[in-house]
Amino acid sequence: MAERVLVVDDDESLQELCATAFRLDGYQVEVASSGEGGLKKLDSSPFDLVVTDLFMPGKIDGSGVVRAVKARFPTTEVIVMTAVPTLKTAITTLKDGASDYVIKPFETDHLRVIARRALDSRRLRRELDTERAMRQELATAYKELQKVEELKESFLARISHELRTPLSEVLTAVELMENAAGTTTDPEKLARYIGLSKAGAVKMERTMNDLLAFVELQSRPTIEKGSPVALDEVCRMAAEKLKPMIDQRGLKVDFKFPDALEKVSGDPDLIARAFENLIHNAITFNKDKGVITIAGRVEAGSVYVDVSDTGEGIPEGEFERIFDSFYQIASYLTRKVGGLGLGLAITRRIVEAHGGHIDVTSKVGQGTTFRVRLPVKTPAPKA
Ligand SMILES: Nc1ncnc2c1ncn2[C@@H]1O[C@H](COP(=O)(O)OP(=O)(O)O)[C@@H](O)[C@H]1O
Ligand SMILES: [Mg+2]
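Criteria and cut-off values
- Residues numbered from 1 in each chain as written.
- Chains lettered and ligands numbered in written order.
- Predicted model: local features only at pLDDT ≥ 70, side-chain atom pairs only at ≥ 80, totals over all residues.
- Pairing = 2+ DSSP bridges.
- Helix = DSSP H or I, 4+ residues; strand = E, 2+ residues; numbered from the N terminus.
- Axes fitted to C-alpha atoms, helices over the stretch in contact; angles between N-to-C directions.
- Near = placed C-beta within 6 Å.
- Nonpolar A, V, L, I, M, F, W, Y, C, P; charged D, E, K, R; others polar.
- Expected span 1.5 Å × (residues − 1).
- Buried ≥ 20, exposed ≤ 12 C-beta atoms within 10 Å, placed from the backbone.
- Domains from an automatic or database assignment.
- Contact = placed C-beta atoms within 7 Å.
- Parallel < 35°, antiparallel > 145°, perpendicular 65-115°, else oblique.
- Left-handed = near helix turned anticlockwise from the far one by under 90°.
- Core = buried A, V, L, I, M, F, W, Y, C linked by C-beta atoms within 7 Å.

With respect to topology, five strands assemble into an open sheet ordered S7-S9-S10-S12-S11, the strand pairing being mixed. The open sheet has two edge strands with one neighbour each: strand S7 (252-256) and strand S11 (357-363). The sheet shows a mean angle of 15° between the axes of neighbouring strands, taken without regard to direction. Strand direction decides the pairing type here: S11 and strand S12 (residues 367-375), joined by seven bridges, are antiparallel. Bridge assignment links Thr 361 to a residue of S12, and that residue is Thr 369.

Have a look at this one:
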């Protein structure tokens, strides 16, 4: 696109002379006969170069034009034209940002050279700016990429750790069984080995299920059709499933549900998984011989279930972040218990996909309560 030049001069013959010369050079030229007229033109569209007379009648003289242009369009070049008596003023305009000046009378060739020089240096500056911006963008993108790469690596490290640990438990137990096969008939010993290998396999299954559920839930924002689900039964079954862990920690589980709890509507497997995750955490982060309380009630068309523990608690600043995928309060590498940090992210997704809500309250050192709200199943509309 042709470069745009604005010539401001009250002397119309000089104005015309400059304009003609610039047009010959292929610029797109506009003219104005006063400082005010020049600024008005600038308002309507941007220029690459403004060539202005210094001494002009009217409110705004050439110095005023220079200051106004530089204040509003810092990248626009300005050249001032002046006769010898005001040369000093012309030089002062350089401080205000004019890039050059010509002394009247001048050859138009001279003005053309100066204009070309100003426009070339402007173009160079812009190219440099663009390049700098591009380099900045590239650096930012590279950093992002590095972050993603790091995340991927730590994610893979976690997954392989989460699978390898129980796998080696299984292998050890199987090896023990193998060795014992020919030598022992002690049923208790064998049962213990079988129990160990099963526990390892169950842990691996949990991890795999979490990963699969996480991926699957990403593409399933809402549960359209559901069947009636009794949350008290769901919680009792989940606790039953986790009984070996509960017993191992010497925990006590208290159920507090009304006799006939209204049902919610949803995907029974997903809802079971949501509560299993909460109870699993209430076991993992509880203190030995602690208590887990699971309490339900109905209020204003919703079923509320609280899963509380008497464990280490969660600092208030972490209440939001614990629901993020892969987020764990204690560093994964140093903490004692395993887990991928997906449980709560999955649970929240499941609850929200059913039109419900989950939040947490906790006191460090005392315990934590996760509260799930799910809408009571509304009777299906009659066709
Ligand atoms: N009941 C709880 N008590 C204390 N901290 C908890 C509890 N539940 C979850 N957290 C914290 O939130 C984090 C995320 O939990 P979760 O998403 O289930 O992942 P994971 O159990 O695999 O670490 C846990 O690592 C833990 O730091
Ligand atoms: Mg968990």
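We are not done yet, so read on.
Right, let's get into the environment of Ala 181. Its place among the elements puts Ala 181 in helix H5 (residues 108-181). Linking Ala 181 and Val 303, residues 122 residues apart in sequence, is a C-alpha distance of 52 Å.

Taken together, 21 residues sit near ligand 1, with Asn 281, Phe 285, Gln 328, Gly 339 and Gly 343 positioned nearest. Of all the secondary-structure elements, those providing two or more residues to the shell around ligand 1 are helix H9 (268-284) and helix H10 (343-353). Broken down by class, the residue content of the shell around ligand 1 amounts to 11 nonpolar, eight polar and two charged.

Taking 1.5 Å per residue, 32 residues should reach 46 Å; helix H6 (residues 187-218) reaches 46 Å between its end C-alpha atoms and fits that length. Buried residues of H6: Tyr 193, Ser 197, Gly 200, Thr 207, Asp 210 and Ala 213, and no others.

Positionally, Leu 212 belongs in helix H6. Separated by 62 residues in the primary sequence, Leu 212 and Glu 150 have C-alpha atoms spaced 22 Å apart.

Another point: the environment of Gly 37. Along the chain, the position of Gly 37 falls in helix H2 (residues 35-44). A count of 17 C-beta atoms within 10 Å places Gly 37 in the partly exposed class. Between the C-alpha atoms of Gly 37 and Cys 18, which are 19 residues apart in sequence, the distance is 17 Å.

This part covers the domain arrangement of the protein. Along its sequence, the protein is organised into domain 1 (4-106), domain 2 (145-218) and domain 3 (227-375). Taken over C-alpha atoms, the centre of domain 2 sits 23 Å from the centre of domain 3. Each partner contributes residues to the interface: domain 2 has 11 residues there, and domain 3 has 13 residues. The element contributing the most residues to the side of domain 2 that touches domain 3 is H6, with six residues. Split into classes, the residues belonging to the side of domain 2 that touches domain 3 amount to six nonpolar, two polar and three charged.

Another aspect to go through is the sheet that holds strand S4 (residues 77-83). Backbone-to-backbone hydrogen bonds join strands into a sheet, with any given pair of strands oriented parallel or antiparallel. In spatial order, the strands read S2-S1-S3-S4-S5; together these five strands make up an open sheet with parallel pairing. The sheet is open, and its two edges are formed by strand S2 (28-32) and strand S5 (100-104), each paired on a single side. Taken over all neighbouring pairs, the strand axes of this sheet differ in orientation by 20° on average, direction set aside. When S4 meets S5, the two strands line up parallel, connected through five bridges. Following the sheet pairing, Val 80 is matched in S5 by Tyr 101. Across the sheet, H2 is in contact with strand S1 (4-8), S2 and strand S3 (49-53); its angle to S1 comes to roughly 160°. Against the sheet, helix H4 (residues 87-95) contacts S4 and S5, and its axis sits at roughly 170° relative to S4.

When two helices pack together, their arrangement is given by the angle between the helix axes and the distance between those axes. Where helix H7 (residues 231-241) contacts H9, the axes come no closer than 9 Å and their chain directions differ by 55°. It follows from the interaxial angle that H7 and H9 lie oblique. Handedness of the crossing formed by H7 with H9: right-handed. Packed against H7, whose contacting residues are Val 234, Cys 235, Met 237, Ala 238, Ala 239 and Lys 241, the element H9 presents Ile 271, Ala 272, Phe 275, Glu 276 and Ile 279 at the interface. Considering only residue class, the contact of H7 with H9 consists of nine nonpolar, no polar and two charged.

A few words now on H10. Counting buried residues in H10 gives nine out of 11 residues, a clear majority hidden from the surface. Looking only at H10, the buried set comprises Gly 343, Leu 344, Ala 345, Ile 346, Thr 347, Arg 348, Arg 349, Ile 350 and Val 351. The inward-facing, buried residues of H10 contact H6, H9, S11 and S12. Downstream of H10 by a residue or two, Gly 355 has a phi angle that is positive, lying close to 75°.

So, about the nonpolar core. Among the nonpolar cores identified, the biggest contains 37 residues, and Leu 231, Val 234, Cys 235, Phe 275 and Ile 279 are the most heavily contacted of them. Within the residue set of this core, elements represented by two or more residues are H7, H9, strand S9 (291-299), strand S10 (302-309), H10 and S12. The dominant element in this core, judged by the number of residues it contributes, is H9, at eight residues. Apart from residues no more than four positions distant in its own chain, Val 234 is found in contact with Val 229, Ile 271, Ala 272 and Phe 275. By size, the runner-up hydrophobic cluster in this structure holds 29 residues, among which are Cys 18, Val 50, Met 81 and Ala 118.

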